[in-house]
Amino acid sequence: DAGITQSPRHKVTETGTPVTLRCHQTENHRYMYWYRQDPGHGLRLIHYSYGVKDTDKGEVSDGYSVSRSKTEDFLLTLESATSSQTSVYFCAIARPGSGNTIYFGEGSWLTVV
Amino acid sequence: SQQGEEDPQALSIQEGENATMNCSYKTSINNLQWYRQNSGRGLVHLILIRSNEREKHSGRLRVTLDTSKKSSSLLITASRAADTASYFCATDSLETSGSRLTFGEGTQLTVNP
């Protein structure tokens, strides 16, 4: 158990509405990540953070923003949800000294209708 | 494009048989990792092999790495029905910053009882 909690776990939202997914960790790790998982694409990195207020883009960052005001929380916001953002979103942390081994949360299923 | 590409995409075997999955990648790496994902769950780390290692064992898992061919294989011996899951390779590339991993699309393994 990596002490990662994602919320909400399931959400249905309408096109054009903003959506925020929350990731909370209990171990105060520096690195946190948001991935999305889609059939045929595996896991793709959206954004990551290497500390409070330190974030950077991944390979599929368009349409997403993130914030990290506290070590334990990493928020992912879909500014104006589109149907192409229907996906499963995974938050993850990296434990130091583990060779960048990543530990995942249980996922947030988002459907944009 | 995906850094790691698994082969085959799907594999179905009988309980007790061995399962072999392959992963190819494109860039120079620090290490390569294998993860497992049960249906509807997050990914779980299985094993990490560093770029200067050629083979590593963990229980019924055997991982090989050939950096000259930029490929890795995961062997699960004496498979069990409980091994049914998707398996992903992930690379920690020397060419990316920020302690990021790049995942392949995964191999869906089905072990029939």
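If you're wondering where the values come from, they're calculated on a predicted model, not measured in any experiment.

Rules used in this analysis
- Residues numbered from 1 in each chain as written.
- Chains lettered and ligands numbered in written order.
- Predicted model: local features only at pLDDT ≥ 70, side-chain atom pairs only at ≥ 80, totals over all residues.
- Heavy atoms only, no water.
- Helix = DSSP H or I, 4+ residues; strand = E, 2+ residues; numbered from the N terminus.
- Rg over C-alpha atoms; globule rule 2.2 N^0.38 Å.
- Buried < 20%, exposed > 50% of the residue type's maximum accessible area, 1.4 Å probe, protein only.
- Contact = heavy atoms within 4.5 Å.
- Areas by Shrake-Rupley, 256 points an atom, 1.4 Å probe, with all protein chains shown as cover.
- Pairing = 2+ DSSP bridges.
- Axes fitted to C-alpha atoms, helices over the stretch in contact; angles between N-to-C directions.

J.: I would appreciate a short explanation of the overall build of chain B in the present structure.
T.: Across its full length, chain B holds zero helices and 11 strands. Starting at the N terminus, the α and β elements of chain B follow one another as β-β-β-β-β-β-β-β-β-β-β. Against the globule reference of 13 Å for 113 residues, chain B gives a C-alpha radius of gyration of 13 Å, in line with a compact fold. Its C-alpha atoms give chain B principal-axis dimensions of roughly 45 × 30 × 20 Å. Here chain B holds 113 residues, and the buried ones make up 47% of them. Restricting to contacts in chain B with at least 6 residues of sequence separation, those with at least 24 account for 57%. Split by element, the accessible area of chain B, about 5,200 Å² in all, is 44% carbon and sulfur.

J.: I'm lost on unusual backbone geometry in this one. Help?
T.: When glycine is set aside, most residues are seen to have a negative phi, and most peptide bonds are trans. Cis peptide bonds are those with omega within 30 degrees of zero, and the linkage from S7(A) to P8(A) qualifies with -10°. Structurally, the position occupied by P8(A) is in the loop between β1 (4-7) and β2 (10-13). If you check the backbone angles, K70(B) has positive phi at about 50° while not being a glycine. Mapped onto the elements of the fold, K70(B) is located in the loop between β7 (61-66) and β8 (71-76). If you check the backbone angles, A78(B) has positive phi at about 45° while not being a glycine. With respect to the helices and strands, A78(B) occurs in the loop between β8 and β9 (85-93). Overall, the relative accessible area of 39% leaves A78(B) in the partly exposed class.

J.: Is there a simple way to think about the sheet that holds β7(B) in this case?
T.: To summarise the sheet geometry, strands pair through backbone hydrogen bonds and adopt either a parallel or an antiparallel arrangement. Residues and elements named next belong to chain B. An order of β1-β3-β8-β7-β6 is seen for the five strands of this open sheet, with the pairing classed as antiparallel. In this open sheet, the two edge strands, each paired with only one partner strand, are β1 (5-7) and β6 (55-58). Going across the sheet, the axis of each strand differs from the next one's by a mean of 20°, ignoring polarity. As paired elements, strand β3 (residues 19-24) and β8 share six bridges and run antiparallel to each other. In the sheet register, C23 faces β8, and the bridge partner there is S72.

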